[in-house]
Amino acid sequence: MVPDKLPAKYIRRWVILTLLLLGFIALGFDVHATGVEDEPAAAPYFHVQDDSGVDRFPMKETRVTATLNGVIASVRVQQRYRNEGTVPINAQYIFPGSTRAAVNGMVMKIGNRRITAQIKEKEEARKIFETAKSAGQTASLLAQKRPNVFSMDVANIAVGADVEVELQYTELLTPTGGIYQFVYPGVVGPRYGGDADRTTEEVKWVSNPYLQEGEKSPATFDIHVEMASPIALNDLKSESHRIFTRWQDEKSVKVGLDEPRDAAGNRDFILSYRLQGDAIVSGLTRFRVGRESFFLLQAEPPRRVTAAEIPPRDYVFIIDVSGSMSGFPLDTTRSLIAKLLASLKPEDRFNILFFAGGSSVLAPQSLPVTAANVALAEDMLRRVSGGGGTELLPALKTALAMPAAEGISRSLVLITDGYVSAEDTAFRLVDDNLSNSNLYVFGIGSTVNRFLIEGLAKVGRAESFVVTGEADARLESERFRQYISAPVLTDISITGKNMEVYDLEPRTQPDLLADRPVLVLGKYRKAKWNAAIEMTGVSGAGKQLWTFELDGMPKDRSLPILWARKRLERLYVFPNAATESRDEIRALGLRYSLLTSATSFVGVDEQLPTGDGPATDVKQPLPLPAGVSNAAVAQLKPAPEPEFPGLVAWCLLLLGLHFMCSFRRSRAGG
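Residues numbered from 1 in each chain as written. Predicted model: local features only at pLDDT ≥ 70, side-chain atom pairs only at ≥ 80, totals over all residues. Heavy atoms only, no water.

Participant: Help me understand the overall build of the chain, please; the structure alone is not making it clear to me.
Facilitator: In terms of regular secondary structure, the chain is built from 11 helices and 34 strands. A burial count over the chain gives 51% of its 670 residues as buried. Taking contacts inside the chain between residues at least 6 apart in sequence as the whole, the part at least 24 apart equals 76%. Only carbon and sulfur atoms are counted for the fraction: they give 53% of the accessible area of the chain, which is about 31100 Å². (Helix = DSSP H or I, 4+ residues; strand = E, 2+ residues; numbered from the N terminus. Buried < 20%, exposed > 50% of the residue type's maximum accessible area, 1.4 Å probe, protein only. Contact = heavy atoms within 4.5 Å. Areas by Shrake-Rupley, 256 points an atom, 1.4 Å probe, with all protein chains shown as cover.)

Next comes the structure, spelled out in structure tokens:
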């Protein structure tokens with residue numbers, strides 16, 4: 001309590017000293033709350049130059065060599081590290097990869113020594129690497145952060161030393177709209193990983209340095225591609241880089257960069273082409289390793305599809321009419337369905353299922369295309385309005401249970417914004433019950449649930465399309481309509497003649513479309529004399545048969561890896577996979593020497609350490625992707641909540657200020 005008899009100047013000094021003391025107490029608590037004990041938010045940051053003698057750019061060069069046979073890409077990536085600083089370093093480099101890449105080998109070269117990396121369980125590989133790192137040995141660790149993001153760690157790069165890490169991967173290319181693309185991703189863009197409380201070890205890789213916008217990386221990039229296709233190559237081009245081409249013939253070409261190597265690595269390298277003839281082109285490739293025999297069957301649609309080649313079609317439209325679909329999404333749906341119905345032929349069939357909190361169907365089974373049935377559907381579309389919840393699972397069960405006739409191309413078309421939370425259950429339901437049907441997913445809305453929409457399309461062995469606004473609704477709807485309206489072959493089946501086929505990926509085959517081939521990976525066994533693989537299907541001309549005798553078929557050693565990677569793609573769709581699925585991912589990685597979410601490559605140089613002293617950790621700065629501004633690297637660091645004693649101190653400080661103001665007013669008034 002302040003004494004009443006003291007002079008005013010002493011009272012003011014007493015109050016000021018008290019307030020200063022309280023302020024320092026509060027500040028001390030805040031410093032404690034934001035101290036180094038707390039982890040910062042995982043976020044990118046700009047590289048800052050220093051004069052410490054540490055080489056901050058040890059990864060000097062990336063060289064890529066790719067061989068394409070049309071649908072299979074075999075890729076070798078060489079990363080050269082050199083320490084041009086004055087102290088030893090441990091380098092980490094974050095780089096992107098294709099979501100379909102099957103990384104199946106790594107070699108580390110130090111001078112004349114070659115160290116072949118071993119595939120290990122992820123945690124075991126990390127322990128081996130950290131032990132070697134602590135011992136001063138040169139070691140390398142390749143780990144998967146995401147299916148399309150990898151990290152390379154190289155420990156104890158001595159001063160002046162060169163270390164080259166070479167990794168190999170294989171990829172099965174699939175076209176979009178009839179166009180194949182070989183893509184080598186250039187750089188991982190800046191990503192934000194959330195606050196410290198939600199940041200796990202698997203997310204901390206996003207805390208990586210970046211160069212300023214427009215600043216070139218000292219690391220160079222070069223790529224060479226050799227293509228030798230069994231089918232003539234058409235429309236070969238790159239929209240990402242300037243390239244040169246040296247054609248051998250219509251099926252063979254060499255491609256290289258025709259631009260500076262110091263500015264070519266800040267964007268994806270994209271090479272596109274077509275593989276189409278005048279009729280359905282099919283072929284078989286095989287390979288045997290150990291006790292397993294693998295095959296890849298490929299069927300390409302003709303360049304032009306006539307109406308006579310299209311088999312009868314059956315469309316089941318599954319339409320979301322929940323409250324979030326009212327307005328623009330439902331209006332777009334009505335327009336899309338009307339155009340699709342208008343394009344159907346008399347021999348086609350269709351049905352419509354509406355769902356929100358409940359569901360209703362146009363008819364118990366698909367109806368023939370008649371004027372009366374189309375009018376009934378259009379009237380039902382006009383009368384329906386958005387409202388209620390989104391019960392997707394019962395609607396999917398109803399649609400999947402509808403009877404399907406043989407010899408008819410049956411397509412389920414789901415139209416939704418995807419505002420449901422049971423994604424895993426929906427994926428499982430479709431994966432287990434789709435059979436030979438196709439499931440296309442058309443997302444409509446300003447912010448659709450892309451995880452659900454893209455995931456359902458993957459397990460549905462089809463494609464997803466998304467419309468986010470009225471500006472692109474007409475164009476995207478027309479592209480979707482054209483895509484699904486031209487099946488060339490349906491009821492596709494793969495069987496063995498004088499042999500057994502098994503473990504097919506995908507398990508059942510989608511239709512061959514005018515813009516989509518059929519690519520099947522599988523295994524065979526018990527092959528006898530004259531053994532063959534047969535593919536049957538139904539076209540507009542009736543049942544078709546292709547026979548591929550094993551003798552004389554070309555061989556490709558990448559097939560076991562591609563088969564395992566294709567199996568992994570299906571397992572990766574289910575993020576909350578059961579224990580048996582996670583165990584299968586680990587087993588596939590170890591058996592086929594594959595980089596996965598559960599396995600990593602590790603290589604250790606057994607040569608004794610050089611004795612140059614402890615190494616400094618270095619994260620290789622990345623260039624900003626072309627077209628990305630500095631704003632993408634703005635770090636967001638949420639302020640921590642003050643602890644309770646700090647709150648008490650601040651409250652006392654505020655009360656003291658209030659007391660001083662009241663005292664001064666009372667003195668002035670007195």
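Having seen the structure, we can now continue with the description.
Participant: Would you mind going over the pairing of strand 25 (residues 438-444) with me for this structure?
Facilitator: Consecutive side chains of a regular strand alternate in pointing toward one face of the sheet and then the other. Here strand 25 lies mainly inside the structure; 7 of its 7 residues are buried. The side-chain alternation of strand 25 yields two buried faces, one formed by Asn-438, Tyr-440, Phe-442 and Ile-444 and the other by Leu-439, Val-441 and Gly-443. Note: strand 24 (residues 409-416) against strand 25, 6 bridges, orientation parallel. In the sheet register, Leu-412 faces strand 25, and the bridge partner there is Leu-439. The pairing of strand 25 with strand 26 (residues 464-467) spans 4 bridges and is classified as parallel. The residue bridging Gly-443 from the neighbouring strand is Val-466, located in strand 26. The handedness of the strand 25 to strand 26 crossover, carried by helix 7 (residues 450-459), is right-handed. (Pairing = 2+ DSSP bridges. Right-handed = clockwise from strand over helix to strand, strands pointing away.)

Participant: I tried to follow the nonpolar core on my own but got confused; where do I start?
Facilitator: Generally speaking, soluble globular proteins have nonpolar side chains that are buried together. The biggest cluster of nonpolar side chains holds 82 residues, and the ones touching the most others in it are Tyr-81, Leu-142, Phe-182 and Val-225. Apart from residues lying up to four places away in sequence, Leu-142 is in contact with Phe-95, Val-103, Met-106, Phe-150, Ser-151, Met-152, Leu-167, Leu-595, Ser-600 and Phe-601. One finds Ala-356, Ile-444, Val-467 and Ile-484 within the second-largest nonpolar core, a separate group that totals 36 residues. (Core = buried A, V, L, I, M, F, W, Y, C linked by side-chain atoms within 4.5 Å.)

Participant: Is there a simple way to think about unusual backbone geometry in this case?
Facilitator: A negative phi angle is the norm for most residues apart from glycine, just as the trans form is the norm for most peptide bonds. The residue after Glu-505, namely Pro-506, is reached through a cis peptide bond having omega 0°. The backbone phi angle of Asn-498 is positive, close to 60°, even though this residue is not glycine. Along the chain, Asn-498 falls in the loop between strand 27 (487-497) and strand 28 (500-505). Judged by relative accessible area, Asn-498 falls into the partly exposed class, the value being 36%.

Participant: Before we go on, may I ask you to explain the packing of helix 5 (residues 392-401) against helix 6 (residues 423-433) in this structure?
Facilitator: If you want to describe how two helices pack, look at the angle between their axes and the distance between the axes. For the pair helix 5 and helix 6, the least separation of the axes is 10 Å and the interaxial angle reads 5°. Regarding the angle of helix 5 to helix 6, the classification is roughly parallel. Here Leu-393, Leu-396, Lys-397 and Leu-400 of helix 5 come into contact with helix 6, specifically with Thr-425, Ala-426, Leu-429, Val-430 and Asn-433. Classifying every residue of the contact of helix 5 with helix 6 gives 6 nonpolar, 2 polar and 1 charged. (Axes fitted to C-alpha atoms, helices over the stretch in contact; angles between N-to-C directions. Parallel < 35°, antiparallel > 145°, perpendicular 65-115°, else oblique. Nonpolar A, V, L, I, M, F, W, Y, C, P; charged D, E, K, R; others polar.)

Participant: Looking at this structure, I do not really get the sheet that holds strand 10 (residues 162-172). What am I missing?
Facilitator: Strand pairing in a sheet takes place through backbone hydrogen bonds and is either antiparallel or parallel in direction. Strand order across the open sheet formed by 8 strands is 6-5-10-3-2-13-16-15, with mixed pairing between neighbours. Unpaired on one side and paired on the other, strand 6 (113-116) and strand 15 (243-249) mark the two borders of the sheet. Strand-to-strand twist across the sheet, computed as the mean angle between neighbouring axes with direction ignored, equals 15°.

Participant: Before we go on, may I ask you to explain the packing of helix 3 (residues 328-342) against helix 8 (residues 470-484) in this structure?
Facilitator: With their axes 10 Å apart at the nearest point, helix 3 and helix 8 run at an angle of 35° to one another. For the element pair helix 3 and helix 8, the recorded crossing hand is right-handed. Of the residues in helix 8, those touching helix 3 at Phe-328, Thr-332, Leu-336, Lys-339 and Leu-340 are Glu-470, Ala-473, Arg-474, Ser-477, Phe-480, Arg-481 and Ile-484. Of the residues contributing to the contact of helix 3 with helix 8, the split by class is 6 nonpolar, 2 polar and 4 charged. (Left-handed = near helix turned anticlockwise from the far one by under 90°.)

Participant: Which parts of the structure should I look at to understand empty space enclosed by the protein?
Facilitator: Summary: where empty space remains is shown by rolling a probe the size of a single water molecule over the atoms. As enumerated under the stated definition, the model contains 3 cavities of 30 Å³ or more in all. Estimated volume of the largest cavity: approximately 70 Å³. Looking at the largest cavity, the residues that line it are Val-77, Phe-95, Pro-96, Gly-97, Ser-98, Ala-101, Val-103, Phe-150, Leu-167, Tyr-169 and Tyr-184. Broken down by secondary-structure element, the contributors of at least two residues to the lining of the largest cavity are strand 4 (89-96) and strand 10. Split by residue class, the lining of the largest cavity holds 9 nonpolar, 2 polar and no charged. (1 Å grid on protein atoms, 1.4 Å probe; cavity = no way out; pocket = protein on both sides within 12 Å on 5 of 7 lines; lining within 4 Å. Points joined across faces, edges and corners; volume = space filled by probe spheres on them.)

Participant: Sorry, what's going on with the environment of Lys-566 here?
Facilitator: Within the fold, Lys-566 resides in helix 9 (residues 559-572). Along the chain, Lys-566 and Pro-506 lie 60 residues apart, while their C-alpha atoms are 8.0 Å from each other. Excluding anything up to four places from it in sequence, Lys-566 contacts Glu-505 and Leu-521.

Participant: Even after reading the chapter, I still don't get the confidence of the model for the chain, so can you show me in this structure?
Facilitator: Do not read the fine detail of predicted coordinates wherever pLDDT is low. Taken as a whole, the chain shows an average pLDDT of 81; of its residues, 83% reach a score of 70 or greater. When mean pLDDT is compared element by element in the chain, strand 7 (residues 118-121) scores highest at 96, while helix 1 (residues 8-33) scores lowest at 49. A low-confidence stretch, residues 194-200 (pLDDT under 50), is modelled with 11 contacts involving residues beyond four sequence positions or located in other chains. Note on residues 636-647: pLDDT under 50 across the span, and 13 contacts to partners over four residues away in sequence or across chains. (pLDDT = per-residue confidence, 0-100.)

Participant: Would you mind showing me how to read the packing of aromatic side chains here?
Facilitator: When we look at a pair of aromatic rings, we describe it by the centre distance and by the angle of the planes. In the structure shown here, the tally under the stated rule is 14 aromatic pairs. Taking 5.7 Å as the distance between ring centres and 10° as the angle between the ring planes, the aromatic pair formed by Tyr-180 and Tyr-273 counts as stacked. Linking Tyr-180 in strand 11 (residues 179-184) with Tyr-273 in strand 17 (residues 269-274), this pair joins segments that are 93 residues apart in sequence. Tyr-273 shares its class with Tyr-180; the two are buried. Between the aromatic rings of Phe-465 and Phe-480, the centroid separation amounts to 5.0 Å while the plane-to-plane angle is 70°, which identifies the pairing as edge-to-face. Placement of the pair is Phe-465 in strand 26 and Phe-480 in helix 8, with a sequence separation of 15 residues. Each member of the pair Phe-465 and Phe-480 is classed as buried. Against the face of Trp-563 rests Lys-523, its NZ or CZ located 3.9 Å from the ring centre. We note Arg-525 situated over the ring of Tyr-502; from NZ or CZ to the ring centre the distance is 3.7 Å. (Phe/Tyr/Trp six-rings, centres within 6.5 Å; stacked < 30°, edge-to-face > 60°. Lys NZ or Arg CZ within 6 Å of the ring centre and 35° of its normal.)

Participant: What am I meant to see in the pairing of strand 6 here?
Facilitator: Inspection of the sheet shows strand 5 (residues 102-110) paired to strand 6 by 4 bridges, in the antiparallel sense. Residue Lys-109 lies in a different strand from strand 6, and its bridge partner there is Arg-114. Here strand 5 folds back onto strand 6 in antiparallel fashion, the turn holding 2 residues, of which Gly-111 has a positive phi close to 65°.

Participant: I would appreciate a short explanation of helix 6 in the present structure.
Facilitator: Think of an α-helix as 3.6 residues a turn; residues three or four steps apart then line up on the same face. Three or more residues of helix 6 are buried, namely Glu-423, Asp-424, Ala-426, Phe-427, Leu-429, Val-430 and Asp-431. Where helix 6 is buried, its residues touch helix 5, strand 25, helix 7 and helix 9.

Participant: What exactly am I supposed to notice about the side chain of Ser-411 here?
Facilitator: Tracing the backbone through its elements, the reader meets Ser-411 in strand 24. Taking the relative accessible area as the measure of exposure, Ser-411 reaches 2% and is therefore buried. Not counting residues up to four positions away in its chain, the partners in contact with Ser-411 are Asp-314, Tyr-315, Val-316, Asn-438 and Tyr-440.

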